[in-house]
Structures are given as structure tokens and as C-alpha cells.
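This is what each chain is made of:
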Amino acid sequence: MLAKRIIPCLDIKDGRTVKGINFENIRDAGDPVELAIRYSQEGADELVFLDITATNEKRRTLAELVTKIAKQINIPFTVGGGINSIEDVTTLLNAGADKISVNSAAIKDPELIKKLADQFGSQCIVLAIDTKFENNDWWVYLNGGRIKTELLALEWAKQAVKLGAGEILLTSMNNDGTKRGFAIDITKQISEAVNVPVIASGGAGTMAHFMDIFIEGKADAALAASVFHFKEIEIKELKTYLKENSIEVRL
Amino acid sequence: MKIVILKYNAGNMRSVSFALERIGIEAIITDDADQIISADKVIFPGVGEASSAMNYLREKKMDNVIKQLKQPVLGICLGMQLMCRSSEEGNTTCLGIFDQKIKLFDKPQLKVPQIGWNSIFDLKSNLFKKIKEQEYQYFVHSYYAELGENTIAKTNYELDYSSALHKNNFYGVQFHPEKSSREGQTILENFIKL
């Protein structure tokens with residue numbers, strides 16, 4: 001049976017892992033390569049690296065970091081943050097990334113998803129959606145949660161999958177950093193509406209939150225950062241707990 | 001020992017090469033027929049689309065080179081699928097080393113591609129030495145190989161399918177051992193020792 005995935009996320013800034021709360025108050029959380037190795041040894045199923053200050057000048061530095069990671073770790077990983085062209089994607093996949101995630105650039109030019117899927121295959125194109133619940137709806141935000149769009153998360157997810165996105169990485173801005181649990185309702189809505197895997201992100205605080213997002217939220221994978229970085233939750237302990245609760249995980 | 005990774009237009013050559021480096025092996029990534037034929041072991045990786053990959057192999061005349069290899073050959077993911085008879089992906093005639101047909105996962109309740117860790121069972125090969133029944137491996141694929149006499153491992157995704165094949169000197173795995181943690185590494189080591 002296909003296992004539910006546990007995915008630590010490493011936000012990268014200037015080659016270091018950082019962690020903020022609600023997309024703000026960034027603080028240092030260590031060397032990404034060391035953390036990546038630690039997570040893969042502890043039983044992480046996959047890793048996500050988001051370059052939160054990605055700019056064109058930094059792209060080469062990021063590619064070098066990606067190669068260092070690819071050499072060291074033996075599980076799949078996704079790289080995202082500021083990716084906006086076929087050239088960016090080519091560079092990062094060639095550097096050793098297994099998948100790339102696109103966010104703002106795909107909102108500005110949805111055809112980018114199609115172009116990337118046609119060229120590289122849907123399996124390596126993850127659409128990242130940052131969403132916030134306001135006025136009774138889940139709205140899509142861009143530029144790392146700074147700018148509100150006119151798109152609804154559910155509609156955008158469906159459109160992106162039609163264009164060729166192979167996975168959805170859904171971050172609830174309301175939940176991110178709160179440690180009060182994932183956004184179950186929107187995750188479930190999207191997971192039931194699209195036939196590609198949905199990775200839930202934002203809000204993990206306890207092991208029960210992971211169980212809830214898999215069972216009630218119908219997520220295929222759950223992503224978290226600080227609870228793993230600061231060892232508030234051990235991956236192995238989490239997976240044992242999930243297994244005891246009849247959730248299929250790789251142990 | 002000379003290990004060659006086939007270079008073509010649908011490869012994850014680099015991931016495979018890094019995985020081999022982690023077990024102390026420097027592989028050669030090449031599309032040169034002489035280099036391929038003279039290798040001790042050949043790895044045929046793959047991430048991509050079947051018809052364009054087959055077209056490329058035919059243009060470069062690599063299709064016949066692969067079919068005639070006598071040393072152990074390991075196809076990974078698309079590499080394994082291209083070693084089968086045909087694929088529904090782009091209605092492609094493949095190399096025909098294994099008799100399997102490659103079909104699309106087309107049940108409505110299934111998420112496609114299958115992405116993630118799934119278990120392998122009914123293991124029947126030295127390729128799986130030291131690997132437990134129901135061990136997890138990492139899969140990313142929308143198409144699958146049917147079961148058949150070449151099946152040496154099965155996986156279930158609403159239906160049982162071949163997650164590994166073996167015939168003579170040819171081996172194929174649907175999963176990515178290069179991305180499957182220690183257990184995947186063991187399978188690569190087993191292949192190198194064949």
C-alpha cells in the first residue's frame with residue numbers, strides 16, 4: 001500500500017536554513033546539508049527546500065547547494081522559491097533536484113505549468129499554493145504571502161492540475177507557524193477535487209495534527225518545518241504513532 | 001569494475017551516478033556503443049516520456065545495442081518500461097526484452113502519478129538479497145507493467161503489478177533504488193555484485 005509521506009521543509013536564505021512565523025520573523029536554524037542528512041537518516045520520506053530569497057543572482061548558489069544535497073542524501077527532494085522560467089527548472093533539475101515547485105510565477109503565467117510539464121513531465125512539477133481564509137473563502141496569495149490575488153485556492157488547484165501540475169503543496173497562511181494543526185477543510189476539498197497528491201503544510205504542532213490531516217484532511221503527505229528543526233517532534237516517533245493509529249507509513 | 005549509465009534524453013543519470021558514488025563506485029555516463037558494450041554492468045535509468053525516449057534511442061541506434069547486451073543490465077523506472085514489449089504512453093513499441101505491456105493506471109479513485117513509498121513483495125531474485133518482504137521503495141509513475149513470468153517483485157496500487165522484472169541478464173525495477181534510502185542502496189549493491 002502507498003504510504004503517507006512525512007516531509008520536513010527547509011526554508012533557505014543565503015545558503016542557511018531559517019524559520020519564521022507566519023512568513024515573518026526569520027531566524028537561523030542551521031546548515032541545510034547537515035539537516036537534510038539528519039532528516040533522511042531519521043526516516044523522512046522526502047525533503048522540500050524553499051529558497052525564500054531567491055533572486056536571479058542567487059540561482060547559481062542555490063544550484064550548487066542542490067548538488068551538495070543530491071550527493072549526500074538518498075531520498076527524493078523538491079526545490080522551490082522564485083522559480084519562474086524553463087531555464088531555472090533546467091538548472092535545478094540538472095543540479096540534482098528530483099522535483100521543483102512553482103508558485104508566484106505560475107499565478108502570473110499559468111501556461112508556465114503546461115510548458116514545464118510538457119518538457120520535464122508532470123511528476124517533477126509541484127504547484128505550491130499559499131492560501132489564506134478571509135471573508136468565507138480560501139484566497140491564493142503570491143510573493144511569499146505578501147500579495148493577495150483574485151484566485152480561490154480550490155479553483156486554482158483544479159486549473160493547475162489540468163495544466164499538468166503533478167502534485168499540490170498547499171500552505172495555509174492562517175495555520176502556518178501557529179502549531180494549532182493543519183487546515184483540514186481546504187486540504188480535504190482540494191484532495192478530493194484533484195487526482196494528484198496533495199501535500200498539506202502549515203500548522204503542525206503535535207503528532208495528532210498529522211493523524212488528523214491524513215484521516216480527516218485526506219492529505220497524501222504532510223509537511224512541517226519547525227517541529228522537526230527544533231526536535232519538538234521526532235520523525236521516527238511520529239511515524240510509529242501514525243502506524244499505531246492504522247495509518248500506512250514507511251518505518 | 002566498469003559501470004556504465006546510459007545517457008539519453010530521458011535520464012535521471014545524475015541521481016543514479018550520485019547514488020553509486022555513495023557506495024564507492026564511479027560510473028561512466030555515456031551513449032557511446034563501444035563503452036556500453038565493454039562495460040561490466042549497465043544501468044538504464046529513466047524519467048520522462050516513453051515515445052520520445054524510444055524515438056531518441058532508435059535515432060541514436062542505441063535500441064539494438066541495448067537488446068544485444070550480454071552483461072547484467074538494470075532498467076530503472078522508464079528504463080524498465082522501455083525494456084518491455086509496448087507502452088500505452090504515446091502508443092509506443094518498446095525494446096521487447098520483457099514480454100510485459102505497459103498500461104496506464106486508469107481507475108478513477110487513483111491519484112496518478114503514483115508518487116511515494118510503496119512496498120514490494122513476492123520477491124524472487126538475488127537482486128533482493130537482504131531485502132525483507134514488504135520493504136518500501138520510492139515510486140513515481142503513471143504507467144505500470146502487468147504481472148507475468150518475468151515478474152520478480154510485485155507492488156499493489158489498487159491492483160498488483162510488476163515492480164521488478166528479470167529475464168536472462170536483464171533486470172528492471174519500477175521504483176527508484178537511487179532514491180529509496182538504505183534499502184534502495186542495498187538493491188544497487190546487489191546489482192553490482194551480480
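Here goes a summary of the coordinates provided. (Residues numbered from 1 in each chain as written. Chains lettered and ligands numbered in written order. Predicted model: local features only at pLDDT ≥ 70, side-chain atom pairs only at ≥ 80, totals over all residues. Heavy atoms only, no water.)

### Describing the overall build of chain B
Which entries qualify depends on this criterion: Helix and strand labels come from DSSP, where a helix needs a run of H or I of at least four residues and a strand needs a run of E of at least two; each type is numbered from the N terminus. With C-alpha atoms as the basis for the radius of gyration, the globule rule is written as 2.2 Å multiplied by the number of residues raised to the power 0.38. Residue exposure (1.4 Å probe, protein chains only): buried if accessible area is under 20% of the type maximum, exposed if over 50%, otherwise partly exposed. By definition in these notes, contact holds between two residues if any of their heavy atoms fall within 4.5 Å. To measure how exposed things are, a 1.4 Å probe is used in the Shrake-Rupley method; for residues, cover is taken only from the protein chains shown. Positive residues here are Lys and Arg, negative ones are Asp and Glu, while His and the chain termini are left out of the count. Charge positions come from single atoms, namely NZ of Lys, CZ of Arg, CG of Asp or CD of Glu.
When helices and strands are counted, chain B shows six helices and 13 strands. For 194 residues, the compact-globule estimate of 2.2 N^0.38 gives 16 Å, and the C-alpha radius of gyration of chain B, at 15 Å, lies within 12% of that figure. Over its C-alpha atoms, taken along the principal directions, chain B stretches across nearly 45 × 35 × 30 Å. Per-residue burial for chain B yields a buried fraction of 61% across its 194 residues. Partitioning the intrachain contacts of chain B with sequence separation of at least 6 by distance along the chain shows that 69% fall at a separation of at least 24. Carbon and sulfur atoms make up 44% of the accessible area of chain B, which amounts to about 7,700 Å² in all. Looking at charge distribution, chain B has the averaged site of its 24 positive side-chain charges lying 2 Å from that of its 23 negative ones.

### Brief notes about the interface of chain A and chain B
Rules: Buried area counts how much accessible surface, traced with a 1.4 Å probe, disappears from two parts once they are put together, with both parts' losses summed. Each polar contact in these results corresponds to two N or O atoms within 3.5 Å; when the atoms are within protein, one needs to be able to donate a hydrogen and the other to accept it, and residues that are neighboring in sequence are counted only if both atoms are side-chain atoms.
In this complex, chain A contributes 35 residues to the contact, which on the side of chain B involves 28 residues. Counting each side, the surface lost to burial between chain A and chain B is near 2,500 Å², with a carbon and sulfur contribution of 51%. Ranking the residues of chain A by area buried against chain B places Leu2, Asn74 and Arg250 of chain A at the top, with a combined share of 27%. The tally of links from chain A across to chain B stands at 18 residue pairs in polar contact (both at pLDDT 80 or more). The set of elements that each furnish at least two residues to the side of chain A that touches chain B consists of helix H2 (59-72) and helix H3 (86-95) of chain A.

### Regarding the packing of helix H6 (residues 153-163) of chain A against helix H7 (residues 184-193) of chain A
Residue and element names in this part refer to chain A. Under the convention used in this document: For helices, the axis comes from a line fit to the C-alpha atoms of the stretch in contact; other axes are also lines fit to C-alpha atoms, and the angle between any two N-to-C directions lies between 0 and 180 degrees. An angle below 35 degrees is treated as roughly parallel, one above 145 as roughly antiparallel, one from 65 to 115 as roughly perpendicular, and anything else as oblique. What makes a crossing left-handed is the near helix being turned counterclockwise from the far one by less than a right angle; a clockwise turn instead makes it right-handed. Put simply, Ala, Val, Leu, Ile, Met, Phe, Trp, Tyr, Cys and Pro go in the nonpolar bin, Asp, Glu, Lys and Arg in the charged bin, and everything else, Gly too, in the polar bin.
Contact geometry of H6 with H7 gives a least axis separation of 10 Å together with a crossing angle of 30°. With respect to each other, H6 and H7 are oriented roughly parallel. Where H6 crosses over H7, the handedness of that crossing is right-handed. Touching Ala153, Leu154, Ala157 and Lys158 of H6 are Ile186, Gln189, Ile190 and Ala193, all from H7. Residues that form the contact of H6 with H7 fall into these classes: six nonpolar, one polar and one charged.

### Quick look at the nonpolar core
What counts is decided by this rule: Buried Ala, Val, Leu, Ile, Met, Phe, Trp, Tyr and Cys residues form a nonpolar core when they are joined through side-chain atoms within 4.5 Å.
Core analysis: the largest hydrophobic core is formed by 85 residues, its most contacted members being Leu47, Phe77, Leu127, Phe210, Phe228 and Leu242 of chain A. The dominant element in this core, judged by the number of residues it contributes, is H6 of chain A, at seven residues. Beyond its immediate sequence surroundings of up to four residues, Phe210 of chain A is in contact with Ile6, Phe182, Ala204, Ala222, Ala224, Phe228, Ile233, Leu238 and Leu242 of chain A. Listed in part, the 35 residues of the second largest apolar core include Ile43, Val112, Leu127 and Tyr157 of chain B.

Purely geometric numbers; function is a separate question.
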